[in-house]
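What the coordinates show
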Amino acid sequence: MTAQPNPENAPLSALPLDALHRARGARMAPFAGYDMPLQYAAGIVSETLHTRQKAGLFDVSHMGQAILAGAGAARALESLAPADLVGLAPGRTRYTQLLNDKGGILDDLMVTRLPGVEERLLLVVNASRKADDFALIRERLPQFDLLVLNRALIAVQGPRAASVLGALLPGAEDLPFLAWQAFEQGPASVFVSRSGYTGEDGFEISLRPENAEGFVTALLDNGDVGLAGLGARDALRLEAGLPLYGHDLDETTDPVEAGLAWSIGKRRRAEGGFPGFARISAGLRDGPARLRVGLLPMSKAPVREGAMLITPNGEVVGHVTSGGFSPTLQRPIAMGYVARSHAQTGAQLATDLRGTRVQLDVARLPFVAHRYFKPREAA
Amino acid sequence: MTGLRFTKDHEYLRIEGDTAVVGITDFAQQQLGDIVFVDLPKVGKKVTKGSELAVIESVKAASEVYAPVTGEVIEVNAELGEKPALVNESPLDGGWLVKLRVATPDETASLMDEDGYASFLKTL
């Protein structure tokens, strides 16, 4: 049997909740410089299903959190990212990307306009990219303060997430999707955002590291809550059709071909003023040359990242960027980039899997429908 | 004495007459987590010690299983086609992978016995 890969030899940082994870049976693995819980005793399949049925609790404290502060910060950040950040109302969160000069994605991130008179943006970025992101922002926007936060970050995801969190933080269950609020818990402030990365309704909760264990233990006292690791997180986000930086997104992909054009505001499409505007604008107008699509392998074996996608004539027209087994659908699923000529739903492609040809059908994303919390509109 | 032999790659081999039943250990199945597919060789395939014998797909990754000894595949566990999770549930019994006709019985001598494997696991 192949030894478990351990590509990172550098010393690993420990999460604030490292001891709790180990005490509760986590199998730890290196990820983005951290020793992270990959799975617990229940295993990836059951952690994934528990999240879809009740509530999964994920420690995502490895991600980067920072506040960009100063009058004009939103306008300035628009010079690096294509979302409408100026139009972001206080207490609201938006998804966007940091772009290089060619419109390639340097990272994807969540931006929240914090309430209050002072203009402050809370940024949550990927662990693997945080050092580069923060260096870029400091270099390109030197007139603003960038305060990197040392806080734990916990995600509670699933249909029971709202009732579970509301029992600890009354009022949290009423937050709309992509809204943010600070709750006072004793002397400390707990930041709650109704967001996540599983396709389920849920929350991301940022709190001081010394308060994390008590808070998480209180959540876990609720029988609906089960710990879930990075393995389940990856399965859930793939089922939900959500791209992962370093796999489905990188510096060569732009937001339009990545299927993220929805995150580029109307004003920004017209005005531009972000890196790579020429390429992105052309992609919006004419359609990109390639597209991120869902793929359903017609096999029992999963088709993994890196597999080449070929037409019946043998022409290579794309590749798989994420692939695995869906615990919810009990079958292999994948995502990848495909030339637009072959990107329509139902198109039949193939790949070679250990010498056997496997058919993959282009499929609509997501594989598992999103269930974000959208309060009913007033009649 | 169970007649089990083990490799450092966490395969086991159980001698039954002139054949050997090959699978992965309980430690290995725990490391892999939920197993969703097992790619088994064809009957008749000849393998040399250390060459690829099968591929086990867990939710998260594909892992190769290496032949613990040189030989010929004379039977594969067809039940794994429908129930790959047997490898998780019962790695040493219902979750066996293949039966080999052992070509050079001397090779088994170099493999660890149960006590040796238990000691080896403690070093990991």
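Bear in mind that the values here come from a model prediction, so they are computed numbers and not experimental data.

Further remarks concern the overall build of chain B. The secondary structure content of chain B amounts to four helices and nine strands. Counted from the first residue to the last, chain B has its helices and strands arranged as β-β-β-α-β-β-β-β-β-α-β-α-α. Taken against the 2.2 N^0.38 rule, which gives 14 Å for 124 residues, the C-alpha radius of gyration of chain B at 13 Å falls within 12% of a compact globule. Considering chain B as a whole, with its 124 residues, one finds that 49% of them fall into the buried category.

We now examine the confidence of the model for chain B. The predicted coordinates ought not to be read in detail in places where the model reports low pLDDT. Per-residue confidence for chain B averages 95 on the pLDDT scale, and 98% of its residues sit at or above 70. The ipTM, which scores confidence in the relative placement of chains, is 0.90 for this predicted complex, and the corresponding pTM is 0.95.

Among the residues of helix α5 (residues 161-168) of chain A, those classed as buried are Ala161(A), Ala162(A), Val164(A), Leu165(A) and Gly166(A). The inward-facing, buried residues of α5(A) contact β4 (55-59), β10 (152-157), β12 (188-193), β13 (202-207), α6 (209-220) and β14 (225-227) of chain A.

This paragraph deals with the nonpolar core. Residue and element names in this part refer to chain A. Counting 31 residues, the largest nonpolar core has Leu57, Leu165, Val192 and Ile205 as its most contacted members. Only β4, β10, α5, β12, β13, α6 and β14 provide two or more residues apiece to this core. In terms of residues, this core owes the most to one element, α6, which gives five residues. Setting aside residues no more than four positions away along its own chain, Leu165 makes contact with Ala172, Val192, Phe203, Ile205, Phe215 and Leu219.

The next point concerns the UniProt feature "modified residue: N6-lipoyllysine" (unreviewed entry) in chain B. Residue and element names in this part refer to chain B. Sites flagged by UniProt as "modified residue: N6-lipoyllysine" (unreviewed entry) map to Lys60. Relative to the assigned elements, Lys60 resides in the loop between β6 (52-58) and β7 (62-66). The exposure class assigned to Lys60 is partly exposed, which follows from its relative accessible area of 26%.

This next bit is on the interface of chain B and chain A. At the interface, 24 residues of chain B touch 16 residues of chain A. Summed over both sides, the interface between chain B and chain A buries roughly 1,800 Å², with carbon and sulfur atoms accounting for 51% of that surface. Looking only at chain B, the three residues that lose the most surface to chain A are Gln31(B), Val59(B) and Lys60(B), adding up to 30% of its buried area. In this structure, the connection of chain B to chain A is made through four salt bridges. Glu57(B) is paired through a salt bridge with Arg354(A); the nearest N and O atoms lie 3.0 Å apart. Where chain B meets chain A, there are 13 residue pairs in polar contact (both at pLDDT 80 or more). Taken together, the elements giving at least two residues each to the side of chain B that touches chain A come down to α1 (26-32), β4 (35-39), β6 and β7 of chain B. The element contributing the most residues to the side of chain B that touches chain A is β7(B), with five residues. Of the residues in the side of chain B that touches chain A, the class split is 10 nonpolar, six polar and eight charged.

This part takes up the packing of aromatic side chains. The full count for this structure, using the stated rule, is six aromatic pairs over all chains. Seen from their ring centres, Phe274(A) and Phe277(A) are 5.4 Å apart, and the 85° between their planes marks the pair as edge-to-face. Since its relative accessible area comes to 5%, Phe274(A) is described here as buried. Seen in terms of ring centroids, Tyr117(B) and Phe120(B) are 6.3 Å apart; in terms of plane orientation they differ by 35°. Their pairing is tilted. Residue Tyr117(B) and its partner Phe120(B) are both found in helix α4 (residues 114-122); the two are separated by three residues, about one turn of the helix. For the pair Tyr117(B) and Phe120(B), a shared accessibility class is recorded, and that class is buried. Ring-pair connections join several aromatic residues into one group, and the members of that group are Phe6(B), Tyr117(B) and Phe120(B). Of note, Arg151(A) hangs over the ring of Phe191(A), and the distance from its end group to the ring centre comes to 3.8 Å. Residue placement shows Lys99(B) over the ring face of Trp96(B); its charged tip is 5.0 Å from the ring centre.

Below, the discussion takes up the pattern of salt bridges. Residues and elements named next belong to chain A. Throughout the structure, instances matching the rule amount to 26 salt bridges over all chains. Glu257 is paired through a salt bridge with Arg290; the nearest N and O atoms lie 3.1 Å apart. With Glu257 in the loop between α7 (230-239) and α8 (266-271) and Arg290 in strand β15 (residues 290-297), this residue pair connects regions lying 33 residues apart in the sequence. Given the relative accessible area of 7%, Glu257 is considered buried. Taken together, the salt bridges that share partners define one network made up of Glu78, Asp84, Arg267, Arg268 and Glu271.

On to the sheet that holds β12(A), then. All names here are of chain A. Taken in spatial order, the six strands of this open sheet run β11-β12-β13-β10-β4-β14, and their pairing is mixed. Looking at which strands have only one partner, the edges of the open sheet turn out to be β11 (180-185) and β14. When the angles between neighbouring strand axes are averaged without regard to direction, this sheet yields 25°. Looking at chain direction, β4 and β10 are connected through four bridges and run antiparallel.

For the rest of this paragraph, the subject is the packing of helix α2 (residues 44-53) of chain A against α7(A). Residues and elements named next belong to chain A. As a packed pair, α2 and α7 sit with axes 8 Å apart at the nearest point and diverge in direction by 55°. Comparing the axis directions of α2 and α7 gives the class oblique. Our pair here, α2 against α7, has a crossing hand that is right-handed. Facing Ile44, Glu47, Thr48, Thr51 and Arg52 of α2, the residues of α7 in contact are Gly231, Ala232, Ala235, Leu236 and Glu239.

Cut-offs and rules
- Residues numbered from 1 in each chain as written.
- Chains lettered and ligands numbered in written order.
- Predicted model: local features only at pLDDT ≥ 70, side-chain atom pairs only at ≥ 80, totals over all residues.
- Heavy atoms only, no water.
- Helix = DSSP H or I, 4+ residues; strand = E, 2+ residues; numbered from the N terminus.
- Rg over C-alpha atoms; globule rule 2.2 N^0.38 Å.
- Buried < 20%, exposed > 50% of the residue type's maximum accessible area, 1.4 Å probe, protein only.
- pLDDT = per-residue confidence, 0-100.
- Contact = heavy atoms within 4.5 Å.
- Core = buried A, V, L, I, M, F, W, Y, C linked by side-chain atoms within 4.5 Å.
- UniProt positions renumbered as here; feature names shortened; annotations may be inferred.
- Buried area = accessible area lost by both parts, 1.4 Å probe.
- Salt bridge = Lys/Arg side-chain N within 4 Å of Asp/Glu carboxyl O.
- Polar contact = N/O pair within 3.5 Å; in protein donor to acceptor, adjacent residues only side chain to side chain.
- Nonpolar A, V, L, I, M, F, W, Y, C, P; charged D, E, K, R; others polar.
- Phe/Tyr/Trp six-rings, centres within 6.5 Å; stacked < 30°, edge-to-face > 60°.
- Lys NZ or Arg CZ within 6 Å of the ring centre and 35° of its normal.
- Pairing = 2+ DSSP bridges.
- Axes fitted to C-alpha atoms, helices over the stretch in contact; angles between N-to-C directions.
- Parallel < 35°, antiparallel > 145°, perpendicular 65-115°, else oblique.
- Left-handed = near helix turned anticlockwise from the far one by under 90°.

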